[in-house]
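# Structure at a glance
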Amino acid sequence: QTAGADGVFLPPPIYYPADEGAIVAWYAHAARATTLPVFAYNIPQYAANEVSFGALETLFGQGLLAGVKDSTGKAERVGELVRQFGAKAVVFAASDGFASEGRQLGADGFISAIANVTPRLFRNLWDGDDGLQARVNALRTALKQVGSIAALKYLLGRQGFAFGPARLPFAALTDAQRARLDALEIG
C-alpha cells in the first residue's frame, strides 16, 4: 500500500491443504491490514487450495473482499460466480484461452499475462471480436512451448521495455526459441 498499489490480488494459502475456515481467516487478515481493495485469486492448480463458494459468501458478506479472479478456466464455475456474486463483487475471468468465454459468461473483466505483450489484441477480444480467440490461443501455445516467463520478458524487451532476462528457476531462451518468437504475429 505504501508503495502505491491500487489493490491486492492474493492467492489462498499455498502448498499445504487449508480448510475453509483457514482460507477465510487468511483473507480477513489481509483485508484488515490494508485500506486497499483485496481480491481473492483462485488458482487451485498452483496453490493446492481452492477458494470455495462458501468462503467467498462469508468474505463478501462481511465486506472483506472486493472481488475474485478465477483462474480455473471452468465455465460452470465462472458462470456461477457471476450469478451468485456479480451484483456485490467484481468477478474476473482468467486463463488466456478463456477470454471470450469469460466475457460471454458475464465476467467484469479478464486478467492475462500475455495481454502485457499485446494489449490491443486482448482489448479487441474483450470488446467482442471473438474471432481473435484463435490468435490468442496460438500465441499462448507458442509462449508455453518456449517457456512463458522468459518468452514474455523477451517479447516485452523487443517492444522497448527492458526487464532483462528471466532469472532462475526459468531458463534463458535459446537462439532458436528467440527466432521462433520473432516470427510470431504479436500485434
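Below or above, wherever it landed, is the structure these notes cover. What you see is a predicted model, and the numbers here were worked out from it, not measured in a lab.

Here is what the cut-offs are and how they apply
- Residues numbered from 1 in each chain as written.
- Predicted model: local features only at pLDDT ≥ 70, side-chain atom pairs only at ≥ 80, totals over all residues.
- Heavy atoms only, no water.
- Salt bridge = Lys/Arg side-chain N within 4 Å of Asp/Glu carboxyl O.
- Helix = DSSP H or I, 4+ residues; strand = E, 2+ residues; numbered from the N terminus.
- Buried < 20%, exposed > 50% of the residue type's maximum accessible area, 1.4 Å probe, protein only.
- Phe/Tyr/Trp six-rings, centres within 6.5 Å; stacked < 30°, edge-to-face > 60°.
- Lys, Arg positive; Asp, Glu negative; His and termini not counted.
- Axes fitted to C-alpha atoms, helices over the stretch in contact; angles between N-to-C directions.
- Parallel < 35°, antiparallel > 145°, perpendicular 65-115°, else oblique.
- Left-handed = near helix turned anticlockwise from the far one by under 90°.
- Contact = heavy atoms within 4.5 Å.
- Nonpolar A, V, L, I, M, F, W, Y, C, P; charged D, E, K, R; others polar.

This paragraph deals with the pattern of salt bridges. Any two side chains of opposite charge can pair, given that their charged atoms come close. Enumeration over the complete set of coordinates arrives at nine salt bridges. Notably, a salt bridge pairs R103 with D130, separated by 2.1 Å at the nearest N-O pair. Linking R103 in helix α5 (residues 99–104) with D130 in the loop between α6 (119–126) and α7 (133–146), this pair joins segments that are 27 residues apart in sequence. Its relative accessible area of 22% is what places R103 among the partly exposed residues. By relative accessible area, which is 32% here, D130 ends up partly exposed. A salt bridge links E185 to R135, with the shortest nitrogen-to-oxygen separation between them at 3.8 Å. Pair noted here: E185 is in the segment after α9 (175–182) and R135 is in helix α7, with a separation of 50 residues, a long-range link. A relative accessible area of 59% places E185 in the exposed class. Given a relative accessible area of 26%, R135 falls into the partly exposed group.

Scanning the entire structure with this criterion turns up eight aromatic pairs. Where F39 meets F92, the ring centres are 5.9 Å apart and the plane angle is 50°; that geometry is what we call tilted. Placement of the pair is F39 in strand β2 (residues 38–42) and F92 in strand β4 (residues 90–94), with a sequence separation of 53 residues. On the basis of relative accessible area, F92 is assigned to the buried category, the value being 18%. Centre to centre, the rings of F110 and F122 are 6.0 Å apart; their planes meet at 10°, and the pair counts as stacked. Of this pair, F110 sits in strand β5 (residues 109–111) while F122 sits in helix α6, and the two are twelve residues apart along the sequence. The same class applies to F110 and to F122, which are both buried. An aromatic cluster is present here, built from F9, F39 and F92 joined pairwise through their rings.

Here the focus is the side chain of K69. Among the secondary structure elements, K69 is positioned in strand β3 (residues 67–70). The side chain of K69 is buried and forms no salt bridge, while D96, the nearest opposite charge, is found at 8.8 Å.

Attention now moves to the packing of helix α3 (residues 53–61) against helix α4 (residues 75–85). Orientation of α3 relative to α4, taken along the N-to-C sense of each, is 30°, at an axis distance of 12 Å. By the angle between their directions, the pair α3 and α4 is classed as roughly parallel. Our pair here, α3 against α4, has a crossing hand that is right-handed. Facing F53, L56, E57 and F60 of α3, the residues of α4 in contact are R77, E80, L81, Q84 and F85. When grouped by side-chain class, the residues that make up the contact of α3 with α4 number five nonpolar, one polar and three charged.

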